[in-house]
Amino acid sequence: MKLSPRLKAIVDYVENNSFVADIGTDHAYIPVYLVENNISKKVIASDVNKGPLENAKKYVDLKRLSHRINLRLGDGIKILKPNEVDTVIIAGMGGLLIKKILEEGNEIAETIDNFILQPMIASDELRKYLIRHNYKIIDEKLVKEGDKIYEIMLVRHGKDNISDEIYFEIGEKLVENKDPLLKELIQKKLREIENILQKIRINESIKAQEN
């Protein structure tokens, strides 16, 4: 089974023999890959919606892996029991939603060792939450698919300090690692800021004309 570059980068952070939960599993590509490649003996795959979980079930059944992949319908990491897994993957959703999942499942989160997080947007807000709630960003990497650049974080419990607030916007580990896609990510973020400023200027101009 061949994963997309984004999903492959996520599973590369999973340690061998980990007990993993894939939250928001969609088609269960990650759980199937982890089991088929003997990275994990068992995986919990969950989704908050019935449709995606049905898609996941079809794929798991097709691969005849229902005895090793446990499918669960439910919200965030609240579908887990304390100490049931050591690694949680939360990928393909907004940074604010990931933050909410960690916040609402705080008691479960305390029993988990590794968090692999991939926010689609608001990565700065997610980093702020992590740093301020005793999570430590161990590593980060960037992956490109088409014209999109994805930010993937490996996070554990622990104290972390941010030397400059710019590192909420651009992960400090990306700079330390001299990530090959870092320059492109910064240019993308600068374009987004310029677009926002342009809209503000247009709105101010329209208001001035109305007055």
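For the structure itself, consult the block above.
The model shown is predicted, which means the values in this text are computed figures rather than measured ones.

A.B. asks: Just to check I follow, could you spell out the packing of aromatic side chains for this structure?
C.D. replies: The way to describe two aromatic rings as a pair is by their centre distance and the angle between their planes. Under the criterion given, the structure shown has three aromatic pairs. Measuring from ring centre to ring centre gives 5.4 Å for F115 and Y135, while their planes differ by 90 degrees; the resulting arrangement is edge-to-face. Here F115, found in strand β5 (residues 114-119), pairs with Y135, found in strand β6 (residues 135-145); they are 20 residues apart in sequence, far enough to count as distant. Y135 shares its class with F115; the two are buried.

A.B. asks: Just checking my understanding: could you explain the side chain of E151 for this structure?
C.D. replies: Take E151: it is sitting in strand β7 (residues 148-157). Here R127 takes part through its side chain, which lies 2.6 Å from a polar atom of the side chain of E151.

A.B. asks: Can you walk me through the nonpolar core in this structure?
C.D. replies: Nonpolar side chains in soluble globular proteins tend to be buried together. If you look at the biggest cluster of nonpolar residues, it comprises 28 residues, and the most contacted ones within it are I10, L34, I89 and I116. Contributing elements (two or more residues each) for this core: α1 (5-11), α2 (29-36), β2 (43-47), α3 (50-62), β4 (87-93) and β7. Here this core gets five residues from one element, more than from any other, and that element is α2. Counting residues in each nonpolar core, the second largest holds 27 residues, with A109, L126, M153 and F168 among its members.

A.B. asks: What's the story with helix α9 (residues 182-210) in this structure? I'm lost.
C.D. replies: Turn by turn, an α-helix covers 3.6 residues, leaving residues three or four places apart pointing in a common direction. With 29 residues, α9 extends 42 Å between its outermost C-alpha atoms, agreeing within 8% with the 42 Å of an ideal straight helix rising 1.5 Å per residue. Among all positions in α9, only L182, L185 and K189 are buried. Residues of α9 that are buried sit in contact with α6 (123-132), β6, β7, α7 (166-169) and α8 (172-176).

A.B. asks: Explain the packing of helix α4 (residues 95-104) against α6 to me, please; I cannot follow it from the model alone.
C.D. replies: Each pair of packed helices can be described by the angle between their axes along with the distance between the axes. Their axes nearest at 7 Å, the elements α4 and α6 cross at an angle of 25 degrees. By the angle class used here, α4 and α6 are roughly parallel. Note on packing geometry: the crossing formed by α4 with α6 is left-handed. On α6, the residues touching G95, L96, I98, K99, L102 and E103 of α4 are E125, L126, Y129 and L130. Classifying every residue of the contact of α4 with α6 gives six nonpolar, one polar and three charged.

Criteria and thresholds
- Residues numbered from 1 in each chain as written.
- Predicted model: local features only at pLDDT ≥ 70, side-chain atom pairs only at ≥ 80, totals over all residues.
- Heavy atoms only, no water.
- Phe/Tyr/Trp six-rings, centres within 6.5 Å; stacked < 30°, edge-to-face > 60°.
- Helix = DSSP H or I, 4+ residues; strand = E, 2+ residues; numbered from the N terminus.
- Buried < 20%, exposed > 50% of the residue type's maximum accessible area, 1.4 Å probe, protein only.
- Polar contact = N/O pair within 3.5 Å; in protein donor to acceptor, adjacent residues only side chain to side chain.
- Core = buried A, V, L, I, M, F, W, Y, C linked by side-chain atoms within 4.5 Å.
- Expected span 1.5 Å × (residues − 1).
- Contact = heavy atoms within 4.5 Å.
- Axes fitted to C-alpha atoms, helices over the stretch in contact; angles between N-to-C directions.
- Parallel < 35°, antiparallel > 145°, perpendicular 65-115°, else oblique.
- Left-handed = near helix turned anticlockwise from the far one by under 90°.
- Nonpolar A, V, L, I, M, F, W, Y, C, P; charged D, E, K, R; others polar.

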